[in-house]
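A look at the structure
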2 protein chains.
Amino acid sequence: MQAPPAEIGMRLEDVDTPALIVDLDALERNIGKMADLAARAGVRLRPHTKTHKCPAIAHRQIAAGAVGQCVQKVGEAEALVAAGVRDVLVSNEVVGESKLRRLARLAREARIALCFDDADQAVIAGRIASEEGVTLGALVEIEVGRRCGIAPGAPAAALAQQIAGTPGLRFSGLQAYHGRAQHLPTHEERRVAIEGAQAAVRETLAALERVGLACDIVGGAGTGTFQFEAGSGLYNELQVGSYAFMDTDYARIEDADGGRFATFEHSLFVLATVMSRPAPDRAVVDAGLKSYSMEKGPPWVHGLPGIEVIGVSDEHGNMQLTSEAPALAIGTKLRLIPGHCDPTINLHDFFVGIRGGRVEEIMPITARGASR
Amino acid sequence: MQAPPAEIGMRLEDVDTPALIVDLDALERNIGKMADLAARAGVRLRPHTKTHKCPAIAHRQIAAGAVGQCVQKVGEAEALVAAGVRDVLVSNEVVGESKLRRLARLAREARIALCFDDADQAVIAGRIASEEGVTLGALVEIEVGRRCGIAPGAPAAALAQQIAGTPGLRFSGLQAYHGRAQHLPTHEERRVAIEGAQAAVRETLAALERVGLACDIVGGAGTGTFQFEAGSGLYNELQVGSYAFMDTDYARIEDADGGRFATFEHSLFVLATVMSRPAPDRAVVDAGLKSYSMEKGPPWVHGLPGIEVIGVSDEHGNMQLTSEAPALAIGTKLRLIPGHCDPTINLHDFFVGIRGGRVEEIMPITARGASR
């Protein structure tokens, strides 16, 4: 782990670069808005640690009303439980004896659940949980977006019945997350995709009812689609993550009003320094694709006109300037909005929390790299 | 930092996933081949730490004949000097008093040089080096590939003269790296691009001769173009990095014989586990874009037919299987060849070094995240 790029009390412009900056006011407004939206829809909120990787932010979300956290990886669950989070759902399958045993041991200190889409894996997990003297919550993941998941309806209900009869496991509901739907560009495409997911959930709930099983959790949803799941009357937990930060990919998708995604604010920035001015119409910053991920395109420059990131290499961002661009002396610091928040955060060891132009908090990204 | 995914002596198939695996035999053959190529061309080899971020690999390269290492960032230089490397060139501009002061302090223990493309920055660096009681080597970076760098010829020579007269700095030569040229798809395109860089170097060397300055270092080159720089009669140090590992992007570029890049072997893999088999023709692995970078496309599956990575999300790799694919039970481990080695390595905390099917060495990626 590297040394933090800032000290408490420092001015934003004195933070060393590249640094991952979070606007604490915007972050807290985003967290509060999503908590309100979930409360008004009458559904529980279980935000996703895969986005922030940071117990300090998980605690803020829980303080605002979230019931706990989702994770994708056992290592993320370990980071949360070590920091006192007491309700963690692995919204993913967990394969392999060593990982299942680590997860089972966490269940001595916290309420832990995970997902299954395969009968043999449920047998293995039940055995390990029993050996460790714990009970793991077990959700059946149904396939709604061509990734993991068992077929909805009767196959899912059969797996649920098997789980319900497996010592060490407690059948806890359904996982029905449609990942690809989050980034579909239009409101209508996202609505239709989640309508399909809802049909799969409805069919599976009916099949479960026929075998006498009820769901504690019907979980899914992300920042792109949560309004559909929240209003479905089927889902009761939202697993949103990006809403806390936003990114250019979410900014580009259209909301119902036809404009840009408008509900949440950009709170996350990569602070970068102009390190070269090779030509009057070009500037190079000291942050490249080891400071922000590029699979959703280059970052946007925040708050300044006439600057476009036109090329990104490992350690450099190459910027084209128009006549509207401000004077950009070497040493000038810029805020970049990343294309995709989750993998960008996973590159950094710290969030530098800024309020009123000063560093208020340095939050370790404890689960950075916790991919196992 | 996360716990290592393996223990010494463990079989490859028992390594936890996702894990960054390096085939030590292939790595050592690559390191030896490049050392031989440089020696035969009569040029020095100064491999790039930005690729491996790992002092243990730097030491292997130096033991094979390299004169030292290149880095892009002060934090990488700190990791090397702390591990005993005594000759480090920052092949990049360094902006900001705190970074320059950290770098100057390293010069008490090691030979340190950095690049300049701006007169004011040379003044600042000279002042800080003098305050710290050290002399920093100073290269003039000339623009050869539309990134950083001052114009070749007279402007570069004027900056060199200024540096030569600046206490705290020692004029040490030219930096002329053409980054974009490395990945041009055909041999001929790469040859022409480096011909352009050579013309800029030649013009600048002539301008330097007119003002009575000689170059200790004329540096540049990468894995895609090094044969052109090595044979130029102008460059005397090669700054190659990827050759130690290779990736799909380098595998795709054509070599002189029209085939795939043939000189170096793939030694780097992301080990991943099949975690879901949602359909007979699909499998999902537990490694996504937090385990390998995606800006050069999805990874290839190594050594097995009929498997294509068709979709990648944060923690999942979605694979399409043809009838040629082997049985892929849940739990099967696969080796993925990343699209781009440098940013993939920067996601991981350890290389797991494999020889003869067993874990021989676990190498900490000490400079992972050292972006400042």
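Not measured: the values here are computed from a predicted model.

**As for the interface of chain B and chain A**
Taken residue by residue, the interface counts 62 residues in chain B and 62 residues in chain A. Summed over the three residues of chain B that lose the most area to chain A, namely B:Arg147, B:Lys290 and B:Arg372, the buried surface amounts to 14% of that side. Scanning the region where chain B abuts chain A turns up 14 salt bridges. Of the charged contacts, one joins A:Glu315 and B:Lys50 as a salt bridge, the two residues approaching to 3.9 Å between their closest N and O atoms. Our count for the contact surface shared by chain B and chain A stands at 40 residue pairs in polar contact (both at pLDDT 80 or more).

**Points about the environment of A:Met246**
Positionally, A:Met246 belongs in the loop between β9 (237-238) and α10 (248-252). Classification of A:Met246 as buried rests on a relative accessible area of 2%.

**Some thoughts on the confidence of the model for chain A**
When pLDDT is averaged along chain A, the result is 96; 98% of the residues meet or exceed 70. Scored as a complex, the prediction yields pTM 0.97 and ipTM 0.96.

**As for the relation of the copies chain B and chain A**
Expressed as a screw operation, the relation of chain B to chain A combines 0.0 Å of axial shift with a rotation of 180°, fitting to an RMSD of 0.0 Å. The operation mapping one copy onto its partner corresponds to a two-fold rotation axis. Closest approach to the rotation axis within chain B is made by the C-alpha atom of B:Glu295, at a distance of 2.5 Å. Comparing interface residues between copies, 100% of those in chain B also lie at the interface in chain A; the contact surface is shared.

**Things to note about the state of the cysteines**
Disulfides are covalent bonds that link the sulfur atoms of two cysteine residues. Evaluation of the coordinates by the stated rule reveals 0 disulfides over all chains. The thiol sulfur of A:Cys148 is not disulfide-bonded, and the nearest other cysteine sulfur, from A:Cys115, lies at 9.4 Å.

**A closer look at the sheet that holds strand β7 (residues 169-175) of chain A**
All names here are of chain A. Spatial strand order, β2-β9-β8-β7-β6-β5-β4-β3: 8 strands in an open sheet with parallel pairing. The open sheet terminates on both sides in strands that have one partner only, identified here as β2 (44-45) and β3 (69-71). Bridge count for β2 against β9 is 2 bridges, and the pairing is parallel. Of the residues in β9, the one forming a bridge with Arg44 is Glu237. Its contacts with the sheet place helix α8 (residues 187-210) against β7 and β8 (217-220), and it is angled at close to 150° to β7.

**Re the pattern of salt bridges**
This structure, assessed with the given rule, holds 76 salt bridges over all chains. Measuring nitrogen to oxygen at the nearest pair gives 3.7 Å for the salt bridge that ties B:Arg102 to A:Asp16. Taken together, the residues B:Arg102 in helix α5 (residues 97-106) and A:Asp16 in the segment before β1 (19-23) connect one chain to another. Among the salt bridges present, the one from B:Lys53 reaches B:Glu76, with a minimum N-O distance of 2.8 Å. Highlighted residues: B:Lys53 in the loop between α2 (49-52) and α3 (55-63) and B:Glu76 in helix α4 (residues 74-82), separated in sequence by 23 residues. The same class applies to B:Lys53 as to B:Glu76, namely buried. Each member of the salt-bridge network shares a partner with another, and the members are A:Glu97, A:Arg101, A:Arg105, A:Arg108, A:Arg127, A:Glu131 and A:Glu132.

**Considerations on the packing of aromatic side chains**
All names here are of chain A. In total, this model carries 6 aromatic pairs over all chains according to the counting rule given. With a centroid separation of 5.7 Å and an interplanar angle of 65°, the aromatic rings of Tyr243 and Phe264 are classed as edge-to-face. Remark: Phe264 occurs in the loop between α10 and β10 (268-279) and Tyr243 occurs in the loop between β9 and α10; sequence separation between them is 21 residues. Of the two residues, Tyr243 and Phe264, neither departs from the other in class, the shared state being buried. Here the aromatic residues Phe226, Tyr243 and Phe264 are joined through ring pairs into a cluster of three or more. Over the ring of Phe269 we find Arg335; its NZ or CZ atom is 4.9 Å from the centre of that ring.

**Quick look at the sheet that holds strand β5 (residues 111-116) of chain B**
Residue and element names in this part refer to chain B. On the basis of which strands lie adjacent, the open sheet formed by 8 strands has the order β2-β9-β8-β7-β6-β5-β4-β3 and parallel pairing. Of all strands in the sheet, those bounded by a partner on one side alone are β2 (44-45) and β3 (69-71). Sheet analysis places strand β7 (residues 169-175) next to strand β8 (residues 217-220), joined by 3 bridges and oriented parallel. By the bridge assignment, Gln175 is partnered in β8 with Gly219. Its contacts with the sheet place helix α8 (residues 187-210) against β7 and β8, and it is angled at close to 150° to β7.

**Some thoughts on α4(B)**
Within α4(B), 7 of the 9 residues are buried, leaving the element largely enclosed by the surrounding structure. Where α4(B) is buried, its residues contact α2, α3, β3, β4 (87-93), α5 and β5 of chain B.

**As for the environment of B:Ser323**
Here B:Ser323 is to be found in the loop between β14 (317-321) and β15 (333-337). The class of B:Ser323 is exposed, set by a relative accessible area of 79%.

**Topic: unusual backbone geometry**
Residue and element names in this part refer to chain A. Cis geometry is found at the peptide bond from Thr17 to Pro18, where omega equals -10°. With respect to the secondary-structure elements, Pro18 resides in the segment before β1. A positive phi angle, near 60°, is found at Lys53, a position not held by glycine. Overall, the relative accessible area of 2% leaves Lys53 in the buried class. One non-glycine residue, Ala221, lies in the positive phi region at around 85°. Turning to its location among the elements, Ala221 is positioned in the loop between β8 and α9 (226-230). On the basis of relative accessibility, which here comes to 0%, the residue Ala221 falls in the buried class.

Scoring rules and cut-offs
- Residues numbered from 1 in each chain as written.
- Chains lettered and ligands numbered in written order.
- Predicted model: local features only at pLDDT ≥ 70, side-chain atom pairs only at ≥ 80, totals over all residues.
- Heavy atoms only, no water.
- Contact = heavy atoms within 4.5 Å.
- Buried area = accessible area lost by both parts, 1.4 Å probe.
- Salt bridge = Lys/Arg side-chain N within 4 Å of Asp/Glu carboxyl O.
- Polar contact = N/O pair within 3.5 Å; in protein donor to acceptor, adjacent residues only side chain to side chain.
- Helix = DSSP H or I, 4+ residues; strand = E, 2+ residues; numbered from the N terminus.
- Buried < 20%, exposed > 50% of the residue type's maximum accessible area, 1.4 Å probe, protein only.
- pLDDT = per-residue confidence, 0-100.
- Least-squares fit on C-alpha atoms with pLDDT ≥ 70 in both.
- Disulfide = S-S within 2.5 Å.
- Pairing = 2+ DSSP bridges.
- Axes fitted to C-alpha atoms, helices over the stretch in contact; angles between N-to-C directions.
- Phe/Tyr/Trp six-rings, centres within 6.5 Å; stacked < 30°, edge-to-face > 60°.
- Lys NZ or Arg CZ within 6 Å of the ring centre and 35° of its normal.

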